[in-house]
Amino acid sequence: MKTIVFLVGFVSFLTLVLAAPQITSANDIVPLKWPCPLEYNIDPCVCTADEFYNLTMNCSLVQSTADLERIFQELFPFIHFLELIIDHDPTDITNQLEEIHAHTFNEVTFERIIIRGTQLSLVADEAFANSHLYLRYLDLSNNQLSAYPFESLPEYDVLQTFIIDDNHILELPSLDSNSLEFFSGSGNNNMKVIALDQFSLAPNLREIHLSRIGMTSLNTGMFQTLSKLEVIDLSDNHLNDLELFALMVPEQTLTNVNLNYNYINYIRHEAIIGLKPTAHLLMSHNNVTELKQDQWEHIFNQISDGKLNLAENPLTCGCDMDWVMLDDDNSYLPIITDTTTCYGGQLVVFLEIDNFCSKCTGNWGVCNA
Ligand SMILES: *[C@@H]1O[C@H](CO)[C@@H](O)[C@H](O)[C@H]1NC(C)=O
Ligand SMILES: *[C@@H]1O[C@H](CO)[C@@H](O)[C@H](O)[C@H]1NC(C)=O
Ligand SMILES: *[C@@H]1O[C@H](CO)[C@@H](O)[C@H](O)[C@H]1NC(C)=O
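Residues numbered from 1 in each chain as written. Chains lettered and ligands numbered in written order. Predicted model: local features only at pLDDT ≥ 70, side-chain atom pairs only at ≥ 80, totals over all residues.

As recorded in an unreviewed UniProt entry, the chain goes by Oplophorus-luciferin 2-monooxygenase non-catalytic subunit and comes from Petrolisthes manimaculis.

Set out below in structure tokens:
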């Protein structure tokens, strides 16, 4: 890149001459195009600056790696950008952006990179290397990636959000990042999540989304080191039974655990540990038939002010759940959402207490009253 300082002034002069005479609100002398590169040099990318000179580069109309590389060879008066957007319609076959190389963006840096819906199948190790100190947000969803250089994650000092949904990633390696708070890898069908240190090297994670990946089982203690974890989304997978410590975090931090659309029938006592009292545990569209006290009481006790959604499960609503229906303090039933029904369609919250009193054994205070 021709970053020769005296040229910058010349370019700003050129911009004054060439750009439409728009004036910023911040300073009545500077034309709006400054500090963007010259429009015709970066066409079809569009650069915009806000009143604070935050620069955004929208390259959604770029159709190939070669075009992108040509554009970033041009003279950029400023190389620090807030955002890069390449948002393609994946069904448009004229879009052929397939690779991003180490030199593709030249010296330009970004705080946010959004590359979506492209034919991208290769991202080089050093593709965003100049942004190591700046990149906070990386969204590479809905591309054609079967691999990503995850080993470079620790080099991004401030990366908080990483979204790589709806690609074809084959295996998720251990994520190693001190800054990462939000990770989403949903929609990578049959992605293996089997690394030993899957998340333990990313201690600041608050949200993990792994929906629609065909997951059949969970590594024991996969989340057990994550003391800030609030959201776990494992919906729409093929999970069967939840074994001991399957979803365990060290503190009571979980606010939302989404297990909707799985095949869960059986939950071992102490399978889910670390729910906040107000947490929502979503388990609609599963295969839960019974709410046995030795399996479920532990969960109800954690979410005393929260909600358990068991809609669309084949609940038999028999004496297995008498402890929920006949509890003296009525502290369990309000936790079950009013969308939860029995196998026959009756709403659980409206079941007749008398039926449980007459059919189930045990000396229940509410039955003797
Ligand atoms: C733009 O920059 C200013 C000052 O540097 C900052 O306060 C503001 O949040 C930025 N805007 C965005 C959208 O990040
Ligand atoms: C980026 O440019 C494309 C094509 O001109 C446009 O459709 C899209 O709305 C732009 N996106 C943003 C966030 O400005
Ligand atoms: C649902 O659970 C029952 C056992 O209660 C089991 O026989 C059946 O195969 C399960 N169905 C699915 C789809 O997992």
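Now that the structure is up, let's keep going.
Chemist: Quick rundown of the sheet that holds strand E8 (residues 161-163)? Include the residues and the values.
Modeler: Strand order in this open sheet of 12 strands is E1-E2-E3-E5-E7-E8-E9-E10-E11-E13-E15-E16, and the pairing throughout is mixed. A single partner strand is all that each edge strand has here, and the edge strands are strand E1 (46-49) and strand E16 (307-309). When the angles between neighbouring strand axes are averaged without regard to direction, this sheet yields 10°. (Pairing = 2+ DSSP bridges. Helix = DSSP H or I, 4+ residues; strand = E, 2+ residues; numbered from the N terminus. Axes fitted to C-alpha atoms, helices over the stretch in contact; angles between N-to-C directions.)

Chemist: So what about helix H3 (residues 65-72)? Which residues, and what values?
Modeler: For H3, every residue scored as buried is listed here: Leu68, Ile71 and Phe72. Buried positions in H3, seen along its axis, are confined to an arc of 90° and lie on one side of it. Those residues of H3 hidden inside the fold are in contact with helix H2 (39-42). (Buried ≥ 20, exposed ≤ 12 C-beta atoms within 10 Å, placed from the backbone. Arc of directions from axis to C-beta. Contact = placed C-beta atoms within 7 Å.)

Chemist: Now, about the environment of Glu107: what can you tell me, with residues and values included?
Modeler: Residue placement: Glu107 occurs in the loop between strand E4 (99-100) and strand E5 (109-116). In this structure, the C-alpha to C-alpha distance between Glu107 and Phe72, residues 35 residues apart in sequence, is 8.2 Å.

Chemist: Account for the site of ligand 2, naming residues and giving values.
Modeler: Around ligand 2 sit Asn58, Ser60, Leu61, Ile85 and Asp87, and those are all the residues in its vicinity. Here the shell around ligand 2 is built from residues that sort into 2 nonpolar, 2 polar and 1 charged. (Near = placed C-beta within 6 Å. Nonpolar A, V, L, I, M, F, W, Y, C, P; charged D, E, K, R; others polar.)

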